Amino acid sequence: MQEFVKLFGERVKYYRKKKGLSQEKLSELCDLHPTYIGQIERGEKNASLETIMRVCKGLEVSPESLFEKLSYQQEQTAAQKAYDLFMQTPPEKQPKLLELLTKAIELM
């Protein structure tokens with residue numbers, strides 16, 4: 001189990017750095033202590049489901065992206081990029097984005 005916790009932490013760190021966030025900034029976005037973010041990233045703490053959801057929100061990524069096997073050399077799939085883009089869109093604009101995507105798919 002400890003290996004899984006460490007891998008999860010590495011994924012959090014990967015996405016945090018990819019977004020150009022410091023641990024302190026991510027902790028503000030997640031409403032968590034910066035020390036706790038560091039402990040998660042080093043695999044020292046096993047995050048609760050609530051904490052995982054806070055981290056996902058702060059990183060603007062899907063929970064799936066933190067649990068899938070991640071190769072740092074590979075880019076995200078188109079579906080992952082689309083999901084992450086959707087999650088980065090303000091909630092009030094998401095229905096319109098979904099409508100546009102649906103229409104685009106119909107035109108294909």
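Attention here is on the structure that accompanies the text. (Residues numbered from 1 in each chain as written. Predicted model: local features only at pLDDT ≥ 70, side-chain atom pairs only at ≥ 80, totals over all residues. Heavy atoms only, no water.)

1. Examining the nonpolar core
- Core analysis: the largest hydrophobic core is formed by 17 residues, its most contacted members being Phe8, Val12, Tyr15, Leu26, Val55, Leu59 and Leu66.
- Counting only elements with at least two residues in this core, the list comes to helix 1 (2-18), helix 2 (23-30), helix 3 (34-41) and helix 4 (49-59).
- In contact with Val55, other than residues within four places in its own chain, are Val12, Cys30, Leu32, Ile37 and Leu66. (Core = buried A, V, L, I, M, F, W, Y, C linked by side-chain atoms within 4.5 Å. Buried < 20%, exposed > 50% of the residue type's maximum accessible area, 1.4 Å probe, protein only. Helix = DSSP H or I, 4+ residues; strand = E, 2+ residues; numbered from the N terminus. Contact = heavy atoms within 4.5 Å.)

2. Notes on unusual backbone geometry
- In this structure, Asp31 takes a positive phi of about 55° despite not being glycine.
- Checked against the element boundaries, Asp31 lands in the loop between helix 2 and helix 3.
- The class of Asp31 is exposed, set by a relative accessible area of 61%.
- One non-glycine residue, Glu60, lies in the positive phi region at around 60°.
- On the accessibility criterion, Glu60 (34% relative accessible area) is partly exposed.

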